[in-house]
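Architecture and fold: a report
So you can see what is in the structure, the chains are spelled out below.
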Amino acid sequence: MKILVAVKRVVDHNVRVRIRADGTGVDTANTRMAMNPFDETAVEEAVRLREAGDASEVVAVTVGDAGSEEVLRTALAFGADRALRVDSEAPLEPLAVSKALAAVAGREQPDLVLMGKQAIDDDSNQVGQMLACHLGWGQATFACDVALADGELHVVREVDGGKRTLAVALPAVVTTELELNEPRYIKLPSLMKAKRQAIERLGLAELGVDATPRLELLGVSEPLPREAGGERVDSVAALVDRLRNEAGVI
Amino acid sequence: MGVLVFAEHDGAAVTEAARRAVSAAGALGGPVDVVLAGGDGVEAVAASLAGTGVSRAWLCQGAPYADQLAEPLAGRLAALVRAEGYEAVVAATSTQARDLLPRLAAELDTQMLTDVTAIEDAETFVRANYAGSVLTRLRCREPVKVLTVRATNFAPPPGDGASPAVARLEPGPDPGLSRLLEVQATDSGRPDLGSARVVVAGGRGVADAGVGELEALADKLGAAIGASRGAVEAGLLPSDAQVGLTAKVVAPDLYIAAGISGSIYHVSGMRDSGVIVAINKDPEAPIFEVADYGLVADLTEALPQLREALEQP
Ligand SMILES: Cc1cc2nc3c(=O)[nH]c(=O)nc-3n(C[C@H](O)[C@H](O)[C@H](O)COP(=O)(O)OP(=O)(O)OC[C@H]3O[C@@H](n4cnc5c(N)ncnc54)[C@H](O)[C@@H]3O)c2cc1C
Ligand SMILES: Nc1ncnc2c1ncn2[C@@H]1O[C@H](COP(=O)(O)O)[C@@H](O)[C@H]1O
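Throughout what follows, the structure given in this document is the object of discussion. Model, not experiment: these values are computed from the prediction.

1. Examining the overall build of chain A
- When helices and strands are counted, chain A shows 6 helices and 15 strands.
- Summarising its shape, the C-alpha atoms of chain A cover approximately 65 × 45 × 40 Å along the three principal directions.
- Burial analysis of chain A (250 residues in total) assigns 55% to the buried set.
- Within chain A, contacts between residues separated by at least 24 positions form 70% of all contacts whose residues are at least 6 apart in sequence.
- Accessible area of chain A: about 10700 Å², with a carbon and sulfur share of 48%.
- Here chain A contributes 29 positively and 40 negatively charged side chains, and the mean placements of these two sets differ by 3 Å.

Structure representation (structure tokens):
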């Protein structure tokens, strides 16, 4: 089984982003970047499947500018066998990313695409489902357990109110929850080795992808803070009094 | 013409979130129709739409739809959208909507919008990203708009009488790409987290006091139980109780955060609650920044005390 893993470079989850003063976007210059946490889970799962003998090759792919190759190096350090980047100077909308990934899947012919459920910058939660649609494949989103069984995948999904287990025919697209695994700690020698590995590059035009934006960004702002006036109460009795007599919620 | 709402239901009635999705859809202009997917029982659900202003309820019946398989359902809905010429498809954010709508949007070759928090007009939308720390205003001129809405940001429909007309959809093909093996429903006997009036949420900090204390408090208040990721990771509470941007977004009248530090991922999932109470032994915990009432205390003492105080009239 060959696995394609999609990884995105995003602002590190510990960084609090700043909005540009003119409200035209988020300032990502000089901010710490990292692999999207859900994608780390996806890479980890792919590498584990190969280590268990269920997969023969793991290929990492990202769509982005030259700087985004950093996350491909991380994927290689995790243990991916190859890495490729679809070049795009501008960040693309999920639909365009899904088309680029579909074109890559067309070339690479994987049996499984593993990817995060959500990129923590745009928080769209779309690309995996869109990709499965373009390819005409089955999808299993929000996976917290994945197992190969008789040539198909059994995937436990995290859903509202519990869990649902699907059997999905291969090839398929699976998107990950953080619960799926605990990504390994990358050691320095693996990173050093990854730095020397080659990265293949592809152009959007070469893949025949029309990435024209569909949405127009009108501006960004910070959400209004909750109304000031938060009160520190000094005892449980005072708390219950406020909830009963001031807020009237109990 | 018109808007199609994918409405989730519990087999008897549409969810409160679905009702709010209907009112959000109304803001797009034009008549609002609803599609109800499920098995034979779905007919009965249509009656619960009385007074929501919905014109027509499509019943999409069959085993693959009842099993919530995204592939056949997205295909069937895309065909319906094309046949009826709908200009928008709306659903309340949920795991099913997040599974289904992007696939439907891809079928329709449209760039969808996730978790819309405000609809300014039929082409102008606001949504939150970067874990809720940024609000983005967007113009969408796609011929068919596809969006999930955060139900907690929209009011329920006013509710004036008439029931929708009911129409049955011919089942579409099932490509047979996936099948349902098992459903594990968490049945806590407590109210549904998404629509509960009161949520008692525990974080990693409830470990010392014990989950039993948290549950006792929730039962006292008739509340749903919520969890931070810390509590889920520590194995204290089940993952479907997780509140947060990447989990469930809630806005109850009262949200009690016990032993939760207040990371942005958690806060963006509950900051629209009516009244927020934080109980934490660390006076510097960021959760206090969003709390209406903050109590610096150890939960081993505060939780039993709170339960006892509630027993007094
Ligand atoms: C991509 C991504 C997505 C995420 N999504 C979510 C999400 O959806 N929801 C979510 O919640 N988190 C999410 N997180 C995790 C989040 O960043 C925090 O790590 C998590 O919310 C912390 O949980 P916690 O507050 O329970 O634990 P901690 O941060 O460990 O806080 C525990 C708190 O309990 C207090 N405490 C300890 N003992 C006691 C006691 N005896 N009495 C009183 N107080 C006590 C401590 O003072 C502390 O403030 C996500 C993280 C990432 C990277
Ligand atoms: N530019 C990108 N390059 C590679 N993969 C991406 C990119 N954008 C999104 N993805 C993948 O799609 C998943 C969902 O992203 P999104 O739908 O944007 O929230 C991510 O977790 C990644 O696995």
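Let us keep going from here.
2. Quick word on the overall build of chain B
- Tallying secondary structure elements over chain B gives 9 helices and 15 strands in all.
- Taken against the 2.2 N^0.38 rule, which gives 20 Å for 313 residues, the C-alpha radius of gyration of chain B at 21 Å falls within 12% of a compact globule.
- For chain B, the spread of C-alpha atoms along the principal axes amounts to about 60 × 40 × 40 Å.
- Here chain B holds 313 residues, and the buried ones make up 57% of them.
- In chain B, the proportion of contacts linking residues at least 24 apart, taken out of those at least 6 apart, comes to 63%.
- For chain B, the accessible surface area stands at approximately 11400 Å², while carbon and sulfur atoms represent 48% of it.
- Across chain B, the mean location of the 24 positive side-chain charges is 4 Å away from that of the 40 negative side-chain charges.

3. A few points about the environment of B:Ser163
- Here B:Ser163 is to be found in the loop between strand 8 (145-149) and strand 9 (165-168).
- Counting along the chain gives 130 residues from B:Ser163 to B:Tyr293, while the straight-line C-alpha distance between them is 43 Å.

4. A closer look at the site of ligand 2
Residue and element names in this part refer to chain A.
- Near ligand 2 there are 19 residues, and of these Asp 39, Val 63, Ala 119, Asn 125 and Gln 126 occur at the shortest range.
- Between ligand 2 and the protein, one listed contact pairs an oxygen atom with a backbone N or O atom of Ala 119 at 2.7 Å.
- Asn 125 has a polar backbone atom sitting 2.8 Å from an oxygen atom of ligand 2.
- Protein chains bury 98% of the 480 Å² of accessible surface belonging to ligand 2 in isolation.
- Counting residues per element, the ones that place at least two in the shell around ligand 2 are strand 6 (57-64) and strand 8 (112-116).
- If you tally residues by element for the shell around ligand 2, the top one is strand 6, at 3 residues.
- Of the residues that constitute the shell around ligand 2, the class distribution is 8 nonpolar, 7 polar and 4 charged.

5. What to know about the packing of helix 6 (residues 236-246) of chain A against helix 9 (residues 299-311) of chain B
- Contact geometry of helix 6 of chain A with helix 9 of chain B gives a least axis separation of 9 Å together with a crossing angle of 45 degrees. The angle between helix 6 of chain A and helix 9 of chain B falls in the class oblique. Handedness of the crossing formed by helix 6 of chain A with helix 9 of chain B: right-handed. Residues A:Val236, A:Leu239, A:Val240 and A:Arg244 of helix 6 of chain A lie in contact with helix 9 of chain B, whose contacting residues are B:Ala302, B:Gln305, B:Leu306, B:Ala309 and B:Leu310.
- Per-class residue counts for the contact of helix 6 of chain A with helix 9 of chain B are 7 nonpolar, 1 polar and 1 charged.

6. What about the interface of chain A and chain B?
- At the junction of the two partners, chain A supplies 79 residues and chain B supplies 85 residues.
- At the junction of chain A and chain B, the tally comes to 10 salt bridges.
- With a closest N to O distance of 3.5 Å, B:Arg139 and A:Glu216 form a salt bridge.
- Here chain A and chain B share 52 residue pairs in polar contact (both at pLDDT 80 or more) between them.
- Counting only elements with at least two residues in the side of chain A that touches chain B, the list comes to helix 3 (94-108), helix 4 (127-135), strand 9 (138-149), strand 10 (152-159), strand 11 (162-169), strand 14 (215-221), strand 15 (231-233) and helix 6 of chain A.
- As defined by bridge partners, strand 15 of chain A adjoins strand 15 (residues 293-296) of chain B across 3 bridges and the pair is classed as parallel. Paired with A:Val233 across the strands is B:Leu295, a residue of strand 15 of chain B.

7. Observations concerning the pairing of strand 13 (residues 254-258) of chain B
Residue and element names in this part refer to chain B.
- For strand 13, a buried count of 5 out of 5 residues is recorded, marking the element as mostly surrounded by other parts of the structure.
- Side chains Leu 254, Ile 256 and Ala 258 of strand 13 all project onto a buried face; the interleaved residues Tyr 255 and Ala 257 project onto the opposite face, where all are buried too.
- Pairing of strand 11 (residues 198-202) with strand 13, which is carried by 5 bridges, proceeds in the parallel orientation. Bridging from a neighbouring strand, Val 199 pairs with Tyr 255 of strand 13.
- Relative to strand 14 (residues 275-280), strand 13 is paired through 5 bridges, and the arrangement is parallel. Of the residues in strand 14, the one forming a bridge with Ala 258 is Ile 279.

8. So, helix 6 (residues 211-221) of chain B
All names here are of chain B.
- Listing the buried residues of helix 6 in full gives Val 211, Leu 214, Leu 217, Ala 218 and Leu 221. Down the axis of helix 6, the buried side of the element spans an arc of 125 degrees, and every buried residue falls inside it.
- Here the buried face of helix 6 lies against strand 11, strand 12 (224-227), strand 13 and helix 9.
- Two residues or fewer after helix 6 comes Gly 222, characterised by a positive phi angle close to 60 degrees.

About the thresholds
- Residues numbered from 1 in each chain as written.
- Chains lettered and ligands numbered in written order.
- Predicted model: local features only at pLDDT ≥ 70, side-chain atom pairs only at ≥ 80, totals over all residues.
- Heavy atoms only, no water.
- Helix = DSSP H or I, 4+ residues; strand = E, 2+ residues; numbered from the N terminus.
- Buried < 20%, exposed > 50% of the residue type's maximum accessible area, 1.4 Å probe, protein only.
- Contact = heavy atoms within 4.5 Å.
- Areas by Shrake-Rupley, 256 points an atom, 1.4 Å probe, with all protein chains shown as cover.
- Lys, Arg positive; Asp, Glu negative; His and termini not counted.
- Charge placed at Lys NZ, Arg CZ, Asp CG, Glu CD.
- Rg over C-alpha atoms; globule rule 2.2 N^0.38 Å.
- Near = heavy atom within 4 Å.
- Polar contact = N/O pair within 3.5 Å; in protein donor to acceptor, adjacent residues only side chain to side chain.
- Nonpolar A, V, L, I, M, F, W, Y, C, P; charged D, E, K, R; others polar.
- Axes fitted to C-alpha atoms, helices over the stretch in contact; angles between N-to-C directions.
- Parallel < 35°, antiparallel > 145°, perpendicular 65-115°, else oblique.
- Left-handed = near helix turned anticlockwise from the far one by under 90°.
- Salt bridge = Lys/Arg side-chain N within 4 Å of Asp/Glu carboxyl O.
- Pairing = 2+ DSSP bridges.
- Arc of directions from axis to C-beta.

The values are spatial; any link to function lies outside them.
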